[in-house]
Amino acid sequence: MDDETRYEAVSSRDARFDGEFFFAVVTTGIYCRPSCPAVTPKRANVRFYPSAAAAQGAGFRACRRCRPDAVPGSAEWNVRADLVGRAMRFIGDGVVDREGVGGLARRLGYSARQVQRQLTAELGAGPVALARARRAHTARLLLQTTGLPVTDLAFAAGFASIRQFNDTMREIYASTPSELRAAAGARADKGVPGGDRAGAVRQAAPAGVPLRLAYRGPYAAAEIFDFLQVRAVPGVEEVRGGRGARTYRRTLRLAHGSGVAEVDEHTGARPPRRPRAGPVGAAARGTDGGWLECRLHLTDLRELSTAVQRMRRLFDLDADPFAVAERLGSDPLLGPLVAARPGLRSPGAADPEELAVRTVLGGPPERAAELVRTYGKPLDAADGALTHLFPGPAALTGDEVPDAVRALCTALADGAVTLDAGADREAAGRALRALPGVGPAAAAYIRMRALGDPDVGPVGGDSGGAARDAWRPWRSYALHHLWQETGTGPQEGQLAMTAPVQAPTTSRQARSSVSTANPMDRMAVRVAAHASP
């Protein structure tokens, strides 16, 4: 995309590109998201930047009207497996805040200088500046949604000193922290949505931190909540309410403590400002995106950004449904499915190691619940049906643990297998397949969900390979569309756990009884072998 195309997107206020790039106006000194509702500036006064951190580094402050720091993340970082893509996922997970640039470089396997050079070349900002932008956004959320004292809030957001905090907030938002908090209070009093949660200023601690988790395009919330509900592990997860008004709740195991996250099924959305243009399928049109209401109850607010990112990955909120619909919507097999379920997502995992253990353990959610009751850490006080944290790998290496789970957790504990946000997906897949009890289907499923890979295709069989290649780089979404159509996705305990893959009995019967003349039937058989926890 060149600058003229970007300016066309800005002129049409096209929300499809929110988070993909930012534009700044030299005459006002502010930077915005492409869909900013303000009057479109003259082309001569506009500059484009690949990241919010780059715009901030060039001396521009965030627009108070469109809040460009609150846009969904770029889907490009989920697709890319190179150094920059992995680095962005690590930074989003808080690695720079916890371990510094040196820790980021060690995880990536490059020198700090190489990481700095690559990120600056592509994003216009290095890891420190990118992490700084993340901290500033966290601080703004806390200012506008909690009553924390400013001193405590600064350190909770990850700043090293009060002076650094004050200077950063003035530089990015052209306001002091007190002014940002007061402005949010004024908006709430008038009933006007502000920041990331309308009317949520100065909440008491028991109410948690209320947020709006933004997404772009349409969002198939009902299907995502269906997917999570049938897999909910008692004690760690629960879903309350009826379809259309459900709340998903779960515990979070974090570096500095623990937390409980709540996400509501009912979505908030804004209507499109003007008709869509360009080569985007009808299934992807009709919305400029919206948000899911979320509440985070954390024992240590330093984990706010990390917890937010983990919930975003679980609900796949940084996806680009326009790109997915454009690729899959033209396929004869998938086109009708994409049109029937616009905005279908590929759920990730709030805890990659937990997802891997549950996949290898197999069986219904109650089997994982037994593991939780035996080895998981109890919460200080039960929160509804939530009673435990899922056990970490170190707790599952004893002789009494099932062999396959013990082998996996030993590998996770000693670093032979890494499932961090920015882990090398190819290397992780090879390491998983080398473990006893982890077959290709299980490894692929872990790669899809724990590592957030959008391009994991069906396992097994040779026919249809050309069609599956045409679905790249969105084969994970193709699988979810097929699962929804065939009804195989929600079934538990069907993923083979031994190597080589042993298909379930029902799948073997299907292979012998389903006519191969029907491509949907043929693909559904393969997908059934992929259905998993």
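Analysis parameters
- Residues numbered from 1 in each chain as written.
- Predicted model: local features only at pLDDT ≥ 70, side-chain atom pairs only at ≥ 80, totals over all residues.
- Heavy atoms only, no water.
- Helix = DSSP H or I, 4+ residues; strand = E, 2+ residues; numbered from the N terminus.
- Contact = heavy atoms within 4.5 Å.
- Areas by Shrake-Rupley, 256 points an atom, 1.4 Å probe, with all protein chains shown as cover.
- Phe/Tyr/Trp six-rings, centres within 6.5 Å; stacked < 30°, edge-to-face > 60°.
- Buried < 20%, exposed > 50% of the residue type's maximum accessible area, 1.4 Å probe, protein only.
- Lys NZ or Arg CZ within 6 Å of the ring centre and 35° of its normal.
- Expected span 1.5 Å × (residues − 1).
- Pairing = 2+ DSSP bridges.
- pLDDT = per-residue confidence, 0-100.
- Core = buried A, V, L, I, M, F, W, Y, C linked by side-chain atoms within 4.5 Å.
- Polar contact = N/O pair within 3.5 Å; in protein donor to acceptor, adjacent residues only side chain to side chain.
- Salt bridge = Lys/Arg side-chain N within 4 Å of Asp/Glu carboxyl O.

## Remarks on the overall build of the protein chain
- Helices and strands together make up the secondary structure of the protein chain, namely 23 helices and 11 strands.
- Taking the contacts inside the protein chain whose residues are at least 6 apart along the sequence as the reference set, 68% of them involve residues at least 24 apart.
- If you sum the accessible surface of the protein chain, you get close to 20700 Å²; carbon and sulfur atoms cover 51% of it.

## Quick word on the packing of aromatic side chains
- On inspection of all chains with the given rule, the structure shows nine aromatic pairs.
- Arranged with centres 5.8 Å apart and planes meeting at 75 degrees, the rings of Phe21 and Phe48 form a pair that is edge-to-face. With Phe21 in the loop between α1 (3-11) and β1 (22-25) and Phe48 in strand β3 (residues 46-49), this pair connects stretches of sequence that are 27 residues apart.
- On the basis of an interplanar angle of 70 degrees and a centroid distance of 5.9 Å, the ring pair of Trp474 and Tyr477 is categorised as edge-to-face. In this structure, Trp474 and Tyr477 share a single accessibility class: buried.
- Taken together, the aromatic side chains of Phe17, Phe21 and Phe48 make up a single cluster linked through ring pairs.
- The ring centre of Phe21 lies 6.0 Å from the NZ or CZ of Arg6, which sits over that ring.
- Sitting over the face of the ring of Phe159, Arg135 holds its NZ or CZ atom 5.6 Å from the ring centroid.

## Considerations on helix α21 (residues 475-486)
- Given a rise of 1.5 Å per residue, 12 residues ought to cover 16 Å, and the 16 Å separating the end C-alpha atoms of α21 matches this to within 8%.
- Arg475, Ser476, Tyr477, Ala478, Leu479, His480, His481, Leu482 and Trp483 are the residues of α21 that are buried.
- Phi for Gly487, located one or two positions after α21, is positive at around 75 degrees.

## Notes on the pairing of strand β6 (residues 237-240)
- By the bridge criterion, four bridges tie β6 to strand β7 (residues 247-254) in an arrangement that is antiparallel. Bridged to Val239 within β7 is Tyr248.
- With antiparallel pairing between neighbouring strands as the criterion, β6 and β7 make up a hairpin whose turn holds six residues, including Gly241 at a positive phi of roughly 90 degrees.

## A word on the sheet that holds strand β2 (residues 30-32)
- Read across the sheet, four strands follow the order β3-β1-β2-β4 without closing on themselves; strand pairing throughout is mixed. The open sheet is flanked by β3 and β4 (61-62), the only strands paired with a single partner.
- Relative to β2, β1 is paired through three bridges, and the arrangement is antiparallel. In the sheet register, Ala24 faces β2, and the bridge partner there is Tyr31.

## Section: the confidence of the model for the protein chain
- The predicted model of the protein chain has a mean per-residue pLDDT of 83, with 82% of residues at 70 or higher.
- Low pLDDT (under 50) marks residues 191-206, which in the prediction has 41 contacts with non-local residues, meaning those over four places away or in another chain.
- Every residue in residues 274-286 is under pLDDT 50, and counting partners more than four places away or in other chains gives 25 contacts.

## Considering helix α17 (residues 403-414)
- Taking 1.5 Å per residue, 12 residues should reach 16 Å; α17 reaches 17 Å between its end C-alpha atoms and fits that length.
- Here α17 has its buried residues at Val405, Ala407, Leu408, Cys409, Ala411 and Leu412.
- Looking at the buried positions of α17, the neighbouring elements they touch are α15 (352-361) and α18 (425-433).
- A positive backbone phi angle near 85 degrees is found at Gly415, which sits one or two residues after α17.

## A few points about the nonpolar core
- Counting residues in each nonpolar core, the largest one holds 93 residues, and the members touching the most others are Tyr31, Leu211, Leu296, Met311, Phe315, Leu419 and Leu432.
- What Leu296 contacts, discounting residues up to four positions off in sequence, is Gly208, Val209, Leu211, Val260, Ala261, Leu304, Ala307, Val308 and Met311.
- Membership of the second largest hydrophobic core comes to 19 residues, among which are Met88, Val96, Val115 and Leu130.

## Observations concerning the side chain of Arg295
- In this fold, Arg295 is placed in strand β9 (residues 290-298).
- Of the residues examined, Arg295 reaches a relative accessible area of 18% and is grouped as buried.
- Within polar-contact distance, the side chain of Arg295 engages the side chain of Asp264 at 2.9 Å.

## Here we look at the pattern of salt bridges
- For the structure on display, the rule yields 41 salt bridges.
- As a salt-bridge pair, Asp226 and Arg246 come within 2.8 Å of each other at their nearest N and O atoms. One end of the pair, Asp226, is in helix α11 (residues 221-229); the other, Arg246, is in the loop between β6 and β7, and 20 residues separate them in sequence.
- A relative accessible area of 22% means that Asp226 is categorised as partly exposed.
- Beyond isolated ion pairs, a larger network of salt bridges with shared partners links Glu238, Arg240, Arg249, Glu262, Asp264, Arg295 and Asp383.

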